[in-house]
Number of protein chains: 2
Amino acid sequence: MKKLSFAEENYLKAVYHLSGAGESDVSTNAIAEEMQTKAASVSDMLRRLSEKELVIYKKYQGVKISESGKKSALQVIRKHRLWEVFLVEKLKFNWDQVHEIAEQLEHIKSPLLIERLDDFLGHPKFDPHGDPIPDENGEFKEKPQIPLAEVDLNGTGIVVAVKDTNPLFLQHLDKIGIYLGAKTKIIDKVEFDGSMEILVDSKNKLFISKEIAQNVLVTN
Amino acid sequence: MKKLSFAEENYLKAVYHLSGAGESDVSTNAIAEEMQTKAASVSDMLRRLSEKELVIYKKYQGVKISESGKKSALQVIRKHRLWEVFLVEKLKFNWDQVHEIAEQLEHIKSPLLIERLDDFLGHPKFDPHGDPIPDENGEFKEKPQIPLAEVDLNGTGIVVAVKDTNPLFLQHLDKIGIYLGAKTKIIDKVEFDGSMEILVDSKNKLFISKEIAQNVLVTN
DNA sequence: AAATAAAATTAGATGAATCTAAAAATAAAA
DNA sequence: TTTTATTTTTAGATTCATCTAATTTTATTT
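Just so we're clear, the structure is a prediction, and the values are computed from it rather than from any experiment.

Chemist: Where do I start with the protein's contact with DNA strand D in this structure?
Modeler: Taken together, 21 residues surround DNA strand D, and among them Ser5 and Ser41 of chain A together with Ser43, Tyr57 and Lys59 of chain B come closest. Of all DNA strand D atoms lying within 4 Å of any protein atom, the proportion belonging to sugar or phosphate reaches 81%. One nitrogen or oxygen atom from the main chain of asparagine 29 of chain B is found 2.9 Å from a phosphate oxygen belonging to DNA strand D. Sorting the residues of the surface near DNA strand D by element identifies α1 (6-18) and α3 (39-51) of chain A together with α2 (28-35) and α3 (39-51) of chain B as the ones contributing at least two each. Ranked by residues supplied to the surface near DNA strand D, first place goes to α3 of chain A with five residues. Here the residues of the surface near DNA strand D sort into nine nonpolar, eight polar and four charged.

Structure below.
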């Protein structure tokens, strides 16, 4: 495992995420979109990552992450999520403030640091957005989770994660009182616009839009 | 205050340190030596830093840090030392292990992060090597300190800092039982080689070489 | 199936940050 | 004060990561 540049780590993460844990193929444009860069830059980087065997890349056919690439990507993701826990649990950041800072911290190179940080935090299994934290070997298990949007009328669930980490989205959840661990019950579903009415913690009734319902994940 | 690159921040730090808090002039070669790079690279970077008015640079005449350069350098130093405290106090690193990691962490850009870290650590005034931590405005006060080598026979002092952060040096201090806060008394001085015999905490007698005596700083 | 549109790649430039080798300026020694 | 040595700077290359513009490949329509 050679030492990767920040840019390389970021591309690997993007490929990993966009391919759904590295299974399916990802298009050059999708990566460019995700990374706020140009397709030409992506092609170039994919060629380089492919030479290092971090991705499996066939020109014009899309890209997939390789086994060693996945290993690297998961370590970066592990670091990102551990730092997010640190920022929220120890430094009292809000969950909408931590992504950007963790984007920087995730590139710090020191296996010992991450080991100690993990100890310090008490080996958390999930980050502040409910995403699972891979262990040293890149292994993790996801909580079974479905979007609120797909829960049946009168169905209940506990909020376990959010699909999006956009600060505006997270701030909105704060405002209306949705948080990880909240108990929800669907008390009305509006067919034509996908919005719904839910009861949070058996006391707060609120209307949420389709966009919200699709990005809040619950478990039964 | 524009955002600086890692390289720029590192050069500024070097100029600041080598000039003794930015007073005197520093030579190109000294910087090259300090930064393990070539004089040509230094010249080039000094030209660029000079254009940004972070240093005062006259070709062939050496370089001095500017007011705005000093401000930036001190913020980087503040971050470095706060992270060192974090690593030792919270993550249980030894003082000889933290420099390298802090060299990376010091470049993380987020004023809020540093503010919160400072709060979390209880606003420490000194890092694990006894070096003062500048505040948000770059201000700090050094403890009065002299090398053990300059303490008179029978003189006493408390170890407040070390001049060098070389891991081998620090590990040696651990081994012989010298640490920040240790009470020392000079019980013998050997003229011809600069070595001495000292009493630590009124109970451990030990011989130390000139090199050690010059790099351990005490206050009366 | 040919024409058109979309997506992806290459070619060529640019800006950092670095290097080696050569030239220029300053300092030291004869 | 010349000569020599040292230090510093410039010139020219290189690598990484990016860009725009042009080209090529693949996908979609008519």
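Chemist: I'm lost on the pattern of salt bridges in this one. Help?
Modeler: When their charged atoms lie close together, side chains carrying opposite charge are able to pair. Across all of its chains, the model carries 20 salt bridges over all chains by this definition. Of the charged contacts, one joins glutamate 51 of chain B and arginine 47 of chain B as a salt bridge, the two residues approaching to 3.5 Å between their closest N and O atoms. Residue glutamate 51 of chain B and its partner arginine 47 of chain B are located together in helix α3, separated by four residues, close to a single helical turn. Ionic pairing is found between aspartate 118 of chain B and arginine 78 of chain B, a salt bridge with its closest N-O pair at 3.4 Å. In this pair, aspartate 118 of chain B sits in helix α6 (residues 111-121) while arginine 78 of chain B sits in helix α4 (residues 67-90), placing the two residues 40 residues apart along the sequence. The same class applies to aspartate 118 of chain B and to arginine 78 of chain B, which are both buried. Residues participating in the shared-partner salt-bridge network are Asp44, Arg47, Arg48 and Glu51 of chain A.

Chemist: Got a minute to help me understand the interface of chain B and chain A in this structure?
Modeler: Accessible area lost upon the coming together of the parts serves often as the stated size of an interface. Listed per partner, the contact involves 21 residues of chain B and 21 residues of chain A. For the pair chain B and chain A, the summed buried surface comes to about 1700 Å²; carbon and sulfur atoms form 74% of the total. Sorting the residues of chain B by area buried against chain A places Leu91, Gln104 and Arg116 of chain B first, and these three jointly supply 29% of that buried surface. For the interface between chain B and chain A, the tally reads zero salt bridges. Linking chain B to chain A there are six residue pairs in polar contact (both at pLDDT 80 or more). At the level of secondary structure, the elements contributing two or more residues to the side of chain B that touches chain A comprise α4, α5 (98-105) and α6 of chain B. When residues in the side of chain B that touches chain A are grouped by element, the largest group, five residues, is from α6 of chain B. Residue composition of the side of chain B that touches chain A, by class: 13 nonpolar, four polar and four charged.

Reading the values: the criteria
- Residues numbered from 1 in each chain as written.
- Chains lettered and ligands numbered in written order.
- Predicted model: local features only at pLDDT ≥ 70, side-chain atom pairs only at ≥ 80, totals over all residues.
- Heavy atoms only, no water.
- Near = heavy atom within 4 Å.
- Polar contact = N/O pair within 3.5 Å; in protein donor to acceptor, adjacent residues only side chain to side chain.
- Helix = DSSP H or I, 4+ residues; strand = E, 2+ residues; numbered from the N terminus.
- Nonpolar A, V, L, I, M, F, W, Y, C, P; charged D, E, K, R; others polar.
- Salt bridge = Lys/Arg side-chain N within 4 Å of Asp/Glu carboxyl O.
- Buried < 20%, exposed > 50% of the residue type's maximum accessible area, 1.4 Å probe, protein only.
- Contact = heavy atoms within 4.5 Å.
- Buried area = accessible area lost by both parts, 1.4 Å probe.

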